[in-house]
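Geometric and topological summary
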Amino acid sequence: MSESILHLRDCPARPWKNGLGRTRELAVAPPGAGMDGFLWRVSVAEVDSAAPFSAFPGIDRTIVLLEGGGFTMALDDGRLHALTEPFAPFAFPGETQVAVTLADGPTRDFNLMVRRDRARGRVAVWHHPDHARLHADTVLLYCARGRLQLDGDTLGAGDAWLRPAGAAARLGLAPGSVVLAVEVAPAG
C-alpha cells in the first residue's frame, strides 16, 4: 500500500501553463503524461495574486478551496462564482476564461482536470466516517484535513492514495477529517 501513497510536500512546485501561478501535480493518468496527453490530472495550486487561470480546451475542471480566504471567479460567460467555502467543489469547462479576485490573501486549492471526450470526473467530499466508501470509479483519495486510516497506513493532511485499479482497502476517517475522493469514469 505504501508505494501508492503520495505526499504533497514531495511534489515540486511548477509554473502554471500560463506561467502566472504555481501548482504541485499529485497524480496524472497515464503516468508521465504531459499537458497534451493526460486522461486525468490532480494538482494543488497556490493562488497568491489575481492572475487569470490557464485555458485548457477540451478539459473539464473541478476546483476545491483547501486553505485561505478564497477568491471570486469571473467567468467569460458572465457568471461570478465565490470560491470562499472550503471543501465545496466547483466544476467548469477548461476553455472558460477565468479572472480571479482574491478575497483575503493567498489561497491553496485542489484541482481535478479530466479530458472531456474520454472521461467524466467528480470530486466527492467525505466529512463523516460513513462517507468513507470506495466506488468502482475512485482513482485517488486526498486527505485535506485530519487523518485517514488506509489498511495499515495513515494519511495526514496533504497525503494522497493513488488507488491501484480495483484495489480494495479498509478505510477509517478520523473525526473532524475531510477527504476528497476523486472519481473518474469513461465518457459516455
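Right above here is the structure, for reference.
Residues numbered from 1 in each chain as written. Predicted model: local features only at pLDDT ≥ 70, side-chain atom pairs only at ≥ 80, totals over all residues. Heavy atoms only, no water.

Side note on the overall build of the chain
Secondary structure assignment for the chain yields zero helices and 17 strands. Expected size for 188 residues packed as a compact globule is a radius of gyration near 16 Å; at 16 Å, the chain falls within 12% of this value. Taken along its principal axes, the extent of the C-alpha atoms in the chain is 45 × 35 × 30 Å. Taking as baseline every contact in the chain between residues at least 6 positions apart, the subset at least 24 positions apart corresponds to 66%. Approximately 8800 Å² of the chain is accessible, and the part contributed by carbon and sulfur atoms is 52%. Charge centroids of the chain, computed over 19 positive and 21 negative side chains, lie 2 Å from each other. (Helix = DSSP H or I, 4+ residues; strand = E, 2+ residues; numbered from the N terminus. Rg over C-alpha atoms; globule rule 2.2 N^0.38 Å. Contact = heavy atoms within 4.5 Å. Areas by Shrake-Rupley, 256 points an atom, 1.4 Å probe, with all protein chains shown as cover. Lys, Arg positive; Asp, Glu negative; His and termini not counted. Charge placed at Lys NZ, Arg CZ, Asp CG, Glu CD.)

Looking at the sheet that holds strand 3 (residues 22-29)
Read from one edge to the other, the open sheet built from six strands follows the order 2-3-4-10-5-8, with strand pairing classed as antiparallel. A single partner strand is all that each edge strand has here, and the edge strands are strand 2 (14-15) and strand 8 (90-93). Alignment of strand 2 against strand 3, held across two bridges, turns out to be antiparallel. Pairing of Arg-14 across the sheet is with Thr-23, part of strand 3. (Pairing = 2+ DSSP bridges.)

Digging into the environment of His-127
Mapped onto the secondary structure, His-127 falls in the loop between strand 11 (119-126) and strand 12 (138-145). For the pair His-127 and Val-179, spaced 52 residues apart in the sequence, the C-alpha separation amounts to 6.9 Å. In this view, His-127 contacts Phe-87, Leu-173, Ser-177 and Val-178; residues no more than four positions away in its chain are not counted.

A word on the pairing of strand 5 (residues 59-67)
Among the nine residues of strand 5, seven are classified as buried, and the element is accordingly described as predominantly covered. One ladder, built from eight bridges, connects strand 5 with strand 10 (residues 107-115); its direction is antiparallel. Note on strand 10: the bridge partner recorded for Glu-67 is Arg-108. Pairing geometry for strand 5 and strand 8, over four bridges, is antiparallel. (Buried < 20%, exposed > 50% of the residue type's maximum accessible area, 1.4 Å probe, protein only.)

Considering the nonpolar core
Among the nonpolar cores identified, the biggest contains 26 residues, and Trp-40, Phe-110, Leu-140, Tyr-142 and Leu-180 are the most heavily contacted of them. Of all the secondary structure elements, the ones that give two or more residues to this core are strand 3, strand 4 (40-47), strand 5, strand 10, strand 11, strand 12 and strand 17 (178-186). Those residues in contact with Leu-180 that lie beyond four places of it in its chain are Val-64, Leu-66, Phe-110, Val-123, Ala-124, Val-125, Leu-140, Leu-141, Tyr-142 and Ala-144. Counting residues in hydrophobic clusters, the runner-up holds 15 residues, among them Val-47, Leu-65, Leu-83 and Phe-92. (Core = buried A, V, L, I, M, F, W, Y, C linked by side-chain atoms within 4.5 Å.)

Examining the environment of Asp-104
Checked against the element boundaries, Asp-104 lands in the loop between strand 9 (98-102) and strand 10. Note on Asp-104: relative accessible area 62%, which makes it exposed. Between the C-alpha atoms of Asp-104 and Ala-13, which are 91 residues apart in sequence, the distance is 22 Å.

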